[in-house]
Amino acid sequence: MANPIKDLIETAIDSMDGMFTAESIIGDTVKAPDGTMIIPIAKVAFGVGGGGSEFKETDAAGNNLFGGGVGAGASIKPEGFLVITKSGSIRFVATSESQSIVEKLIDYAPDMVDKITGIFKKDKEEE
């Protein structure tokens, strides 16, 4: 005997298949001219729920009557960036609700300038 609730939930899950990939969580790497790599990181959440009921009454063909429904939801929220410098240091720059991504990058700019300046000084000293 077919299970209508199971069929509804499987249909909902199948329709979500392929919506989320590893790229949904770990974004494409952006490489700065100085060799610094910036990798966006996101939080992905999703859920599926359903319910239903079979009734004692039957239709004209003798099948039990059934009523049910399924719902699904998903969200993707930016969490921050992994910043990997040419020297290999790694820093996570978190985004927060109190600051926009642009504000976080502006806050990080002085460190980036210092590191870039240090790279150029080191390259000139090696020459």
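Residues numbered from 1 in each chain as written. Predicted model: local features only at pLDDT ≥ 70, side-chain atom pairs only at ≥ 80, totals over all residues. Heavy atoms only, no water.

**Q** Hey, could you go over the pattern of salt bridges for me, with residue numbers and the actual values?
**A** Inspection of every chain in the model, using the stated rule, returns one salt bridge. Measuring nitrogen to oxygen at the nearest pair gives 4.0 Å for the salt bridge that ties Glu-79 to Lys-77. For Lys-77, a relative accessible area of 38% corresponds to the partly exposed category. (Salt bridge = Lys/Arg side-chain N within 4 Å of Asp/Glu carboxyl O. Buried < 20%, exposed > 50% of the residue type's maximum accessible area, 1.4 Å probe, protein only.)

**Q** Before we move on, could you go through the environment of Ile-25 and cite the residues and values that matter?
**A** Here Ile-25 is to be found in helix 2 (residues 22–25). By relative accessible area, Ile-25 is classed as partly exposed at 38%. Separated by 17 residues in sequence, Ile-25 and Ala-42 place their C-alpha atoms 4.7 Å apart. Once residues within four sequence positions are removed from consideration, Ile-25 is found in contact with Pro-40, Ile-41, Ala-42 and Val-44. (Helix = DSSP H or I, 4+ residues; strand = E, 2+ residues; numbered from the N terminus. Contact = heavy atoms within 4.5 Å.)

**Q** Give a description of the pairing of strand 3 (residues 64–84) that names residues and reports values.
**A** Inspection of the sheet shows strand 2 (residues 37–58) paired to strand 3 by 19 bridges, in the antiparallel sense. Residue pairing for strand 3: Gly-51 is matched across the bridge by Gly-69. Across five bridges, strand 3 lies against strand 4 (residues 90–94) in antiparallel orientation. When the bridges of strand 4 are listed, Val-83 appears paired with Arg-91. The loop that links strand 3 with its antiparallel partner strand 4 comprises five residues; one of these, Gly-88, has a positive phi angle of about 100°. (Pairing = 2+ DSSP bridges.)

Don't take any of this as a statement about function, it's just geometry.
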